[in-house]
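Reading the structure
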Amino acid sequence: MGTYTLKSIGKSKDYMTIVREMEDGYVVRIVRDEDGYNDVTTDYMSKALFDSCIRTGYLTKVASA
């Protein structure tokens, strides 16, 4: 579906992966680097919020390898 980096302060490498697309939003898995260990959360994000995050540069699509 897609993986996106999150704009972060410092050198942390936080990213978000879309797990499932729904009619009005997405189920996303967010992985945050917290002092050497990963904090993984799964949550819902509306399409409006997702579009806003892309537009403002908070989320940046990762090019597929």
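Coordinates for the structure precede this section.
Summary of the structure given here. (Residues numbered from 1 in each chain as written. Predicted model: local features only at pLDDT ≥ 70, side-chain atom pairs only at ≥ 80, totals over all residues. Heavy atoms only, no water.)

Broken down by element type, the protein carries one helix and five strands. Ordering the α and β elements of the protein from the N terminus gives β-β-β-β-α-β. A globule of 65 residues ought to have a C-alpha radius of gyration of about 11 Å, and the protein, at 12 Å, matches this closely. Here the C-alpha coordinates of the protein stretch approximately 35 × 25 × 20 Å along the principal axes. Among the 65 residues that make up the protein, the fraction classed as buried is 25%. When the accessible surface of the protein is totalled, it reaches about 4800 Å², and 52% of it is carbon and sulfur. Charge separation in the protein, taken as the distance between the mean sites of 9 positive and 10 negative side-chain charges, equals 6 Å. (Helix = DSSP H or I, 4+ residues; strand = E, 2+ residues; numbered from the N terminus. Rg over C-alpha atoms; globule rule 2.2 N^0.38 Å. Buried < 20%, exposed > 50% of the residue type's maximum accessible area, 1.4 Å probe, protein only. Areas by Shrake-Rupley, 256 points an atom, 1.4 Å probe, with all protein chains shown as cover. Lys, Arg positive; Asp, Glu negative; His and termini not counted. Charge placed at Lys NZ, Arg CZ, Asp CG, Glu CD.)

On to the sheet that holds strand 4 (residues 37–46), then. Pairing in this open sheet of five strands is antiparallel, and the strands run 4-3-2-1-5 from one edge to the other. Strands at the two margins of the open sheet, each flanked by one partner only, are strand 4 and strand 5 (59–61). Put simply, the sheet's adjacent strands are angled 30° from each other on average, direction ignored. In this sheet, strand 3 (residues 25–34) lies alongside strand 2 (residues 15–21) in antiparallel orientation, the contact comprising six bridges. Of the residues in strand 3, the one forming a bridge with T17 is R29. (Pairing = 2+ DSSP bridges. Axes fitted to C-alpha atoms, helices over the stretch in contact; angles between N-to-C directions.)

Moving on, we get to the nonpolar core. Counting 11 residues, the largest nonpolar core consists of Y4, L6, M16, I18, Y26, V28, I30, M45, F50, C53 and L59. Broken down by secondary-structure element, the contributors of at least two residues to this core are strand 1 (3–6), strand 2, strand 3 and helix 1 (47–56). With near-sequence residues (within four places) excluded, V28 lies in contact with M16, T17, I18, V19, T41, T42, D43 and M45. (Core = buried A, V, L, I, M, F, W, Y, C linked by side-chain atoms within 4.5 Å. Contact = heavy atoms within 4.5 Å.)

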